[in-house]
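As a plain string of letters, each chain reads:
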Amino acid sequence: EPEVTQTPSHQVTQMGQEVILRCVPISNHLYFYWYRQILGQKVEFLVSFYNNEISEKSEIFDDQFSVERPDGSNFTLKIRSTKLEDSAMYFCASSPLAGEPSPYFGPGTRLTVT
Amino acid sequence: LAKTTQPISMDSYEGQEVNITCSHNNIATNDYITWYQQFPSQGPRFIIQGYKTKVTNEVASLFIPADRKSSTLSLPRVSLSDTAVYYCLVGDPYGNKLVFGAGTILRVKS
């Protein structure tokens, strides 16, 4: 069964540093998403991406965040200057244009900002 | 976006059928109902999705009444490994900007 994959599984960084979280969506999917979940809290939508541009974003997704699909297979989330409160699990998800219901989530990257 | 209401937690025993009901009084005409399962430190896992009436797959059934203001996820013969958080969501079928609530913590006991 196809899966969304994410790397790394755990990233530790110092406050103020830039981090890039990587995702490989399912190959025939066209919608891509990032969600996050702070420990013990709800899963929160960050951004959706379709046709090489952001289609929706939440209030959390401010100027410190950016997304990119650099090579047709990877989908990345960049946090330019990390804050302590960015510590969370970050989930990538993808869905097809039509057909099977979706989206399918990846296993997540645990980001720890110290 | 429609808000959903689910029980905070439920307890069951192995082999029993579990029904988790979700209220979504403000569901829009174009909204679908989707259920996810989440284990600790893992991503949400898609269980089932429906628009109206009944949908069944290999792991669950989803019952949606005609007014679509609620839905019930039915898990037949649960096992210990079904202990997880279950989320009910409403929105477009492609999952754009899904709003997760607190979910229902299902504890399956032996």
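Look a little higher up for the structure.
Residues numbered from 1 in each chain as written. Chains lettered and ligands numbered in written order. Predicted model: local features only at pLDDT ≥ 70, side-chain atom pairs only at ≥ 80, totals over all residues. Heavy atoms only, no water.

Trainee: Looking at this model, I keep getting lost on the overall build of chain A. Mind explaining?
Mentor: Helices and strands together make up the secondary structure of chain A, namely 0 helices and 11 strands. Starting at the N terminus and ending at the C terminus, chain A contains elements arranged as β-β-β-β-β-β-β-β-β-β-β. What you see for chain A is a C-alpha radius of gyration of 13 Å, in line with the 13 Å of a compact globule of 114 residues. Within chain A, the proportion of its 114 residues that are buried is 45%. Long-range contacts, defined here as pairs at least 24 residues apart, represent 54% of the contacts in chain A between residues at least 6 apart. Of the roughly 5,800 Å² that chain A leaves accessible, carbon and sulfur atoms contribute 46%. Taken together, the 9 basic and 14 acidic charged side chains of chain A have centroids lying 5 Å from each other. (Helix = DSSP H or I, 4+ residues; strand = E, 2+ residues; numbered from the N terminus. Rg over C-alpha atoms; globule rule 2.2 N^0.38 Å. Buried < 20%, exposed > 50% of the residue type's maximum accessible area, 1.4 Å probe, protein only. Contact = heavy atoms within 4.5 Å. Areas by Shrake-Rupley, 256 points an atom, 1.4 Å probe, with all protein chains shown as cover. Lys, Arg positive; Asp, Glu negative; His and termini not counted. Charge placed at Lys NZ, Arg CZ, Asp CG, Glu CD.)

Trainee: Looking at this model, I keep getting lost on the pairing of strand 6 (residues 53-57) of chain A. Mind explaining?
Mentor: Residue and element names in this part refer to chain A. As judged from the 4 bridges shared by strand 5 (residues 43-50) and strand 6, these two strands associate in the antiparallel manner. Across the sheet, the residue bridging to V47 is K57, located in strand 6. Linking strand 5 back to strand 6 in an antiparallel pair, the connection comprises 2 residues, with N51 at a positive phi of about 55 degrees. (Pairing = 2+ DSSP bridges.)

Trainee: Quick question: what am I supposed to make of the sheet that holds strand 4 (residues 45-50) of chain B here?
Mentor: In a beta sheet, neighbouring strands pair by backbone hydrogen bonds and run either parallel or antiparallel. All names here are of chain B. Sheet architecture is open: 5 strands sit in the order 1-9-8-3-4, paired in mixed fashion. Every interior strand has two partners, whereas the edge strands, strand 1 (9-13) and strand 4, have only one. The mean angle between the axes of side-by-side strands here comes to 25 degrees, regardless of whether they run parallel or antiparallel. Judged from the 5 bridges that link them, strand 1 and strand 9 (residues 104-109) form a sheet pairing that is parallel. Each bridged residue has a counterpart across the sheet, and for D11 the counterpart in strand 9 is R107. (Axes fitted to C-alpha atoms, helices over the stretch in contact; angles between N-to-C directions.)

Trainee: Is there a simple way to explain the state of the cysteines in this structure?
Mentor: Residues and elements named next belong to chain A. For the structure on display, the rule yields 2 disulfides over all chains. Here C23 pairs with C92 through a disulfide, and the sulfurs are 1.9 Å apart. Handedness here is read from the sign of the S-S torsion; for C23 and C92, about -65 degrees, the answer is left-handed. A residue pair is termed long-range when its members are at least 10 positions apart, and C23 in strand 3 (residues 19-24) and C92 in strand 9 (residues 88-95) qualify at 69 residues. Judged by relative accessible area, which is 0%, C92 ranks as buried. (Disulfide = S-S within 2.5 Å.)

Trainee: Explain the side chain of S94 of chain A to me, please; I cannot follow it from the model alone.
Mentor: All names here are of chain A. Along the chain, the position of S94 falls in strand 9. From its side chain, S94 meets the backbone nitrogen of I26 in a polar contact 3.4 Å long. Only 2.7 Å separates the side chain of S94 from the side chain of H29, close enough to count as a polar contact. (Polar contact = N/O pair within 3.5 Å; in protein donor to acceptor, adjacent residues only side chain to side chain.)

Trainee: Help me understand the interface of chain A and chain B in this model?
Mentor: Interface size, as often reported, equals the accessible area lost upon joining of the parts. Counting residues at the interface gives 25 residues for chain A, matched by 18 residues for chain B. Where chain A packs against chain B, one counts 0 salt bridges. Here chain A is connected to chain B by 3 residue pairs in polar contact (both at pLDDT 80 or more). The element contributing the most residues to the side of chain A that touches chain B is strand 4 (residues 31-37) of chain A, with 4 residues. Residues that form the side of chain A that touches chain B fall into these classes: 15 nonpolar, 6 polar and 4 charged. (Salt bridge = Lys/Arg side-chain N within 4 Å of Asp/Glu carboxyl O. Nonpolar A, V, L, I, M, F, W, Y, C, P; charged D, E, K, R; others polar.)

Trainee: Help me understand the environment of C23 of chain A, please; the structure alone is not making it clear to me.
Mentor: Residues and elements named next belong to chain A. According to the relative accessible area criterion, C23 is buried, its value standing at 1%. The sequence separation of C23 and K42 amounts to 19 residues, and the corresponding C-alpha distance is 21 Å. Dropping the residues within four chain positions of it, C23 is found in contact with V4, T5, Q6, W34, S73, N74, F75 and C92.

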